[in-house]
Amino acid sequence: MRDTMTKRRKRSDSDIDESIEKRYMAAQRPISAEANSKSPEEVTRKEESKQENSEPSHDIATQKESKPSDEQQRRIERLRLQKKCRKEKKISKARSKDQGKASIVSKPGKTGSESKPNTTAFLELAKGVNYRDVVIGNGPEVQNRKKIRVAYVLRAKERYGKILDTSNDFRFRVGRGEVIQGWDIGVMGMRQGGKRHLRIPPQAGYGQRDVGAGKGGLLFFEVTVLDC
């Protein structure tokens, strides 16, 4: 009886150990089967996909680095505006300079009471008298038989010759014979404020009398009409 009970106890212990081992093997079998069912190529592809997902793309990182920030964009925009303003200032300055040159070229003679004539050549009048207008006045015109007031400088022979006579307030009546014929002829056509050079030969001046320019010398007058 005692031997039978001992045998049954040994058998039950062995059955428990066997059942535990079977359950453990059954739990391990699906995992090993799933691992064995995958080929090495699939495992390699899976590992590569994991690496691609875990590491960012080099191209995307490069694009992020090359894209300027908002502050850099604002700075670039400011530099562009400054460059544009400098360019516009240079253009406006050049235009104003050109306009100034054009106004100087096209500017007429003095305005108001005086203006410069266009010609510098001497013109011939009666009895060999020559004249050249230096300043054309804008006042009243000299009239024959009318009294005028002039300033003059008399030189010998030429404009830069020796000064023989001068006056800042000389009055006479035109065409009355109060002065030499060269003056009566030469001042006709002048206006108040005008200035004229007169070259008077001896036949319209003092003849053969020497007044400082020698006998029969040419007389050079600079006459300015002050009032007429």
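The model shown is predicted, which means the values in this text are computed figures rather than measured ones.

Student: It is not clear to me how the pattern of salt bridges should be interpreted in this structure. Could you clarify?
Tutor: Any two side chains of opposite charge can pair, so long as their charged atoms come close to each other. Within this structure, the stated rule accounts for five salt bridges. Ionic pairing is found between E141 and R191, a salt bridge with its closest N-O pair at 3.9 Å. Of the two residues, E141 is situated in the loop between β3 (130–137) and β4 (147–156) and R191 in the loop between α5 (181–186) and β6 (195–200); the sequence distance between them amounts to 50 residues. Relative accessible area serves as the criterion here: at 35%, R191 is assigned to the partly exposed category. R173 serves as the salt-bridge partner of E178, at 3.6 Å between the closest nitrogen and oxygen.

Student: Mind showing me how you'd approach empty space enclosed by the protein here?
Tutor: In this approach the atoms are scanned with a rolling probe the size of a water molecule, which exposes any empty space left behind. Counted according to the given criterion, the structure contains one cavity of 30 Å³ or more. Computed from the structure, the largest cavity encloses a volume of approximately 50 Å³. Taken together, P202, Y206, G207, R209, V211, A213, G214, G217 and L219 make up the lining of the largest cavity. Considered class by class, the residues forming the lining of the largest cavity number five nonpolar, three polar and one charged.

Student: Can you walk me through the packing of aromatic side chains in this structure?
Tutor: In the structure shown here, the tally under the stated rule is seven aromatic pairs. When the centroid spacing of 5.1 Å and the interplanar angle of 80° are considered together, the rings of Y152 and W183 count as edge-to-face. On the criterion of sequence distance, the pair formed by Y152 in strand β4 and W183 in helix α5 is long-range, its members being 31 residues apart. Both residues of the pair, Y152 and W183, belong to the buried class. Residues F170 and F172 carry aromatic rings whose centres are separated by 5.8 Å and whose planes lie at 40° to one another, so their mutual orientation is tilted. When its relative accessible area of 2% is taken as the criterion, F172 is described as buried. The rings of Y152, F170, F172, W183 and F221 are connected pair by pair, giving a single aromatic cluster. Residue placement shows R199 over the ring face of F122; its charged tip is 4.0 Å from the ring centre.

Cut-offs used in this document
- Residues numbered from 1 in each chain as written.
- Predicted model: local features only at pLDDT ≥ 70, side-chain atom pairs only at ≥ 80, totals over all residues.
- Heavy atoms only, no water.
- Salt bridge = Lys/Arg side-chain N within 4 Å of Asp/Glu carboxyl O.
- Helix = DSSP H or I, 4+ residues; strand = E, 2+ residues; numbered from the N terminus.
- Buried < 20%, exposed > 50% of the residue type's maximum accessible area, 1.4 Å probe, protein only.
- 1 Å grid on protein atoms, 1.4 Å probe; cavity = no way out; pocket = protein on both sides within 12 Å on 5 of 7 lines; lining within 4 Å.
- Points joined across faces, edges and corners; volume = space filled by probe spheres on them.
- Nonpolar A, V, L, I, M, F, W, Y, C, P; charged D, E, K, R; others polar.
- Phe/Tyr/Trp six-rings, centres within 6.5 Å; stacked < 30°, edge-to-face > 60°.
- Lys NZ or Arg CZ within 6 Å of the ring centre and 35° of its normal.

The analysis is restricted to geometry; functional conclusions fall outside its scope.
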